[in-house]
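Read off the chains here:
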Amino acid sequence: METPYSKLNSEQLTRLIEESVVRQIEDEVADWESNELAGFLERVPEQKSEYRSGSGFPVKRVYTPEDVADTPWEEIGLPGRYPFTRGPYPTMYRGRSWTMRQIAGFGSGAETNERLKYLVRQGQTGLSVDFDMPTLMGYDSDDSMSWGEVGREGTAIDVIDDMEALFEGINLEEISVSMTINPSAWILLAMYVALAEEKGYDLNKLSGTIQNDILKEYAAQKEWVYPIRPSMRIVRDTIVYCARNMRRYNAVNISGYHISEAGGSPLHEVAFTLANTKAFVQDVTSVGMDVDDFAPRLSFFFVSQADFFEEIAKFRAVRRVYAKMMKEEFGAKKPESMRMRFHTQTAAATLTKPQPINNIVRTTLQALSAVLGGTQSLHTNGLDEAYTIPSEFAMKVALRTQQIIAEETNIPNVSDPLGGSYYVESLTNDMERAIWEILEKTEEMGGAVGAIEQGYFQREIADFAYELAQSKAHNDRTVVGVNKYIDDEEDHKVETHALDPESEQRQIDFLKRVKAERDNDEVERILKKLQDTARDHDANLMPVTIEAVKARASMGEIVNALKEVFGTYTETPVF
Amino acid sequence: MARVTDSAQSLTERVRAGHVPSIARMISHVESGANNVAEQVAELYKAGGHARIIGITGAPGAGKSTLVSSLVRELRARDNTVGIIAIDPSSPFSGGSILGDRIRMSDLYHDPGVFIRSMATRGALGGLARATIDAVTVLDAAGKDIVLVETVGVGQDEVDIVRACHTTVVVSAPGMGDDVQAIKAGILEIADVHAVNKADRPEANKTIGELKTMLKDSGHVLTDGWKIPVLATVAEHGQGVEHGQGVDELADVMERHYEHLVSSGEIERRERNMAAHRLKTIIQGVALDRVEDPSVGPDFDAAVEDVRLRKRAPFTVALDLLENSV
Amino acid sequence: MTETGQPIRILVAKVGLDGHDRGAKVIARALRDAGMEVIYTGLHRRPEDVVTSAIQEDVDVIGVSILSGAHMTVFPRIIELLREQEADEKTLLLGGGVMPDEDVEELKSMGVAEILGQDTPPDTVVETVRRLVSERGARV
């Protein structure tokens, strides 16, 4: 098999199965098809005329060694060794279980702090924080655009004091913290660093991540402030800053999850993510950083969707392609620069409002494929995802789901247990091939940025979403409880999370107080300095941003100061 | 507070007073051809004739809507009130349409001096729909100083726009995959002004140069004493520039073109063309409506069958239908 | 088609900071394929933007998609603005997205014609729009 980008071609590759054995099997398959199969099909025809995976790959009724005959052993290999198909570490879960990282966030920093502590008491091993829409979009709680949304879908952060309340009583040196934040990520990172410095933490001991993947925003999640290029510069600055000052911190969590949730196929998810990765890496190396100095701290985030085996194949394929890309394209030398580590979230898009208890089952199966796919960290969705911010009950069940898989099933005792499955290896190959095709096509458009500017990613996603919606509507795609097995029974009553109606006003009042009590001249001075720094394309924005948050400049003030320099982004929607 | 719509004023009076919901409703009427719309349009037509009508055309992807948005902000800064008609194609299969030009003008929404209306082509027989031209009349009568018509940018309407406007601006952008050579000859000829948008792109100068060369080669540098300018614009927000680079120049050029039309007397010729084109469009539309109307004259479907079965020749049938329906 | 045989004009709006437009776009496409004229507002619109656009475009229906939970503040505000700006009283207001059942009831009592939840098939949305427009009848 020819693998593009792979110098494995020139080496002596090891066939898995001898030519003669393959012939033998081919004959046997042909014989089986004319006899047992033909006979059976006559009595019991298959239910569908064709079978395809979630991404559309044709799927056979049964797989044999014939299907992997051309796959060199080197492509499969061993966990912890290039091309890392089977996992980034040699011992995988025997060494350390995946991090159970349930996201939390609502109301004020203090309110979320309670939920974080609750989850840690229940056995969660890493923290993950989600923020309200205004914070995600860079608006202060008192901005007119924030009205009705403060503290609703996540926690509100305006000034560093909010972050202090968020992490009150939590030792940041001992637990890793993931922050789901994008266009305003660099500001939250600045607050995190400023807070750590205030508390006397060693920056090189802090572990965690900011999502900070702005490219997938333009294509999928649609959170943005500035146009594409200035935003890429900000991401570059955070990666460089972290590489130099925070050894254990992942400055980006390059994401496919949102591409999937926006309607993309599993193939789109991983291919577009890798294209985006390429763009980020190019940006950072172009300012003179050596790829091995920052690539080990690139981390990723994927969904675990409904097609059980395709997801496993997908995780293996994306690891393999990433390894090859980092080695061939960017000349990475350290294995850590080539081994992909990712967080997974089960697919919210598959969860339904009717019969919500079914969602527990969906989430369990998706969690299972994530584990079989070798994820490093996992968030399992709450059963009430279709309604609301998850309740404590829903989050507890979701967490128990992971704990049961981890501790009762023996699954984690073996790395990449599905390696060698004729089906899974074959599907992994199909996925890899298709990823390279998309990467090549994207390259022709000028890379991820060009592809996004031309609407290519958006169009693929919109088309796939439309087709899926139509096939669900015409019952070609079953959704249990929605278009099949519908029942009139009273659904399990889901307790919706109640947002305290006073929360928004409290936040606004607090912000007003902070602004009144700080040195406003100092803030103004620093914001001007920030603008000057921004105008110099080669300067790094992090240090001056850290200064700004220490002086109690608010997120909105920082974002607005730079709007004057960078402008704002308006989407050209693609249907 | 008494609702304006409850007052005794007629719809056309409210349009002329600038009442937004009434303007909107009137445009819907001209699209649907409702009730006494002919009389209403007649009244508005006589009340109008003051607005400068500007056509903005160019291939999709050149950034027309963003440029229009920037341009309108500039025009507003010069105290002009503006009406915008943004045209998008109707699906030939379903007849439906997604009208998305408004999105790029969202920062104009709060400005009462700007009226934005999206119109679908609705199967217009190639070229600008009659309803579009009538909508221009409505906005003119409503007192707008300037009416901008932004076309789809493909097909006949690109060329047609010139017959409905005082000034036609053709927008192009560098590096759109097509060489300037690919710009259809028709486009080149109709422009009173060329705007090369996204001029901050590296290939921009090349595009501008090529356009100027093409104009010279085809002898279109000067028409009726007007030297056709090729402007460089950067319509996208930001980079610290309020109205976008080159946009104030575009607004200047538009003003100068209109002054030129007036001072050279060229405006009469243009407006004569506009009137003639309008009449022809209406005649075409009305004639076809009447011919297809089953209650008037010979049956259209039967006539079609005659032609298909070669019982009668097409030309004969057409003349017969016209003579007996219209 | 409306009473006059014209295509139904519908504004599809995304209000607030929520960026989930997958559903809104699928619906917009389905409505177009059903022969309607869809004015899509784009993301991050304020209630004021929605109402201004709806009036200038003289739409038959305003469809607001909200998945952020802010529906109990947004819809009343839109209704208030429609009234203030003398929008046609016959303009129909529809909602879509993720909303608890109790809120759905309250919104309908406020004047929202219908709320179509997340899993609603596109064809059902199309049929609902057609039915509501035909029930409403002619506007002038």
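Here the structure is shown first, and the text comes after it.
It should be emphasised that the depicted structure is a prediction, and the values quoted were computed from it without experimental measurement. (Residues numbered from 1 in each chain as written. Chains lettered and ligands numbered in written order. Predicted model: local features only at pLDDT ≥ 70, side-chain atom pairs only at ≥ 80, totals over all residues. Heavy atoms only, no water.)

## Concerning the sheet that holds strand β1 (residues 9–14) of chain C
No. 1: Strand order in the open sheet made by the six strands is β3(B)-β2(C)-β1(C)-β3(C)-β4(C)-β5(C), with parallel pairing throughout. In this open sheet, the two edge strands, each paired with only one partner strand, are β3 (97–99) of chain B together with β5 (114–117) of chain C. If you compare each strand with its neighbour and ignore which way they point, the axes differ by 25 degrees on average.
No. 2: Taken together, the four bridges between β1 of chain C and strand β2 (residues 37–40) of chain C define a ladder with parallel strand orientation. The partner of Ile 10 of chain C across the bridge, within β2 of chain C, is Val 38 of chain C. (Pairing = 2+ DSSP bridges. Helix = DSSP H or I, 4+ residues; strand = E, 2+ residues; numbered from the N terminus. Axes fitted to C-alpha atoms, helices over the stretch in contact; angles between N-to-C directions.)

## Considerations on empty space enclosed by the protein
By rolling a water-sized probe across the atoms, one finds the places where empty space is left.
No. 1: Summed over the entire model, instances satisfying the criterion amount to nine cavities of 30 Å³ or more.
No. 2: A volume near 120 Å³ is recorded for the largest cavity.
No. 3: Lining the largest cavity are 15 residues, with Ala 262, Ile 461 and Ala 462 of chain A together with Arg 22 and Lys 25 of chain C positioned closest to its centre.
No. 4: Listing elements by their share of the lining of the largest cavity, those giving two or more residues are α7 (214–221) and α17 (456–473) of chain A together with α1 (22–33) of chain C.
No. 5: Per-element accounting of the lining of the largest cavity gives the leading share, five residues, to α17 of chain A.
No. 6: Of the residues assigned to the lining of the largest cavity, the class counts are nine nonpolar, one polar and five charged. (1 Å grid on protein atoms, 1.4 Å probe; cavity = no way out; pocket = protein on both sides within 12 Å on 5 of 7 lines; lining within 4 Å. Points joined across faces, edges and corners; volume = space filled by probe spheres on them. Nonpolar A, V, L, I, M, F, W, Y, C, P; charged D, E, K, R; others polar.)

## Re the nonpolar core
No. 1: In this structure, Met 179 and Met 326 of chain A are the most contacted members of the largest nonpolar core, which totals 165 residues.
No. 2: Among the elements that take part in this core, helix α6 (residues 185–199) of chain A stands out by supplying twelve residues, more than any other.
No. 3: Leu 75, Met 105, Ile 208 and Val 230 of chain B belong to the second largest nonpolar core, which has 36 residues in total. (Core = buried A, V, L, I, M, F, W, Y, C linked by side-chain atoms within 4.5 Å. Buried < 20%, exposed > 50% of the residue type's maximum accessible area, 1.4 Å probe, protein only.)

## Remarks on the interface of chain C and chain B
No. 1: Each partner contributes to the interface: chain C provides 33 residues, whereas chain B provides 30 residues.
No. 2: Taking both sides of the interface into account, the surface hidden between chain C and chain B amounts to around 2700 Å²; carbon and sulfur atoms contribute 47%.
No. 3: The tally of links from chain C across to chain B stands at five salt bridges.
No. 4: Here Asp 58 of chain C ties to Arg 25 of chain B by a salt bridge, and the two come within 2.9 Å at their closest N and O atoms.
No. 5: Summed over the shared surface of chain C and chain B, the number is 18 residue pairs in polar contact (both at pLDDT 80 or more).
No. 6: Put simply, the parts of the chain that give the side of chain C that touches chain B at least two residues each are α1, β2 and α2 (47–56) of chain C.
No. 7: When its residues are assigned to classes, the side of chain C that touches chain B shows ten nonpolar, nine polar and 14 charged.
No. 8: Bridge analysis of β3 of chain B against β2 of chain C gives three bridges, and the strand direction is parallel. Following the sheet pairing, Ser 97 of chain B is matched in β2 of chain C by Glu 37 of chain C. (Contact = heavy atoms within 4.5 Å. Buried area = accessible area lost by both parts, 1.4 Å probe. Salt bridge = Lys/Arg side-chain N within 4 Å of Asp/Glu carboxyl O. Polar contact = N/O pair within 3.5 Å; in protein donor to acceptor, adjacent residues only side chain to side chain.)

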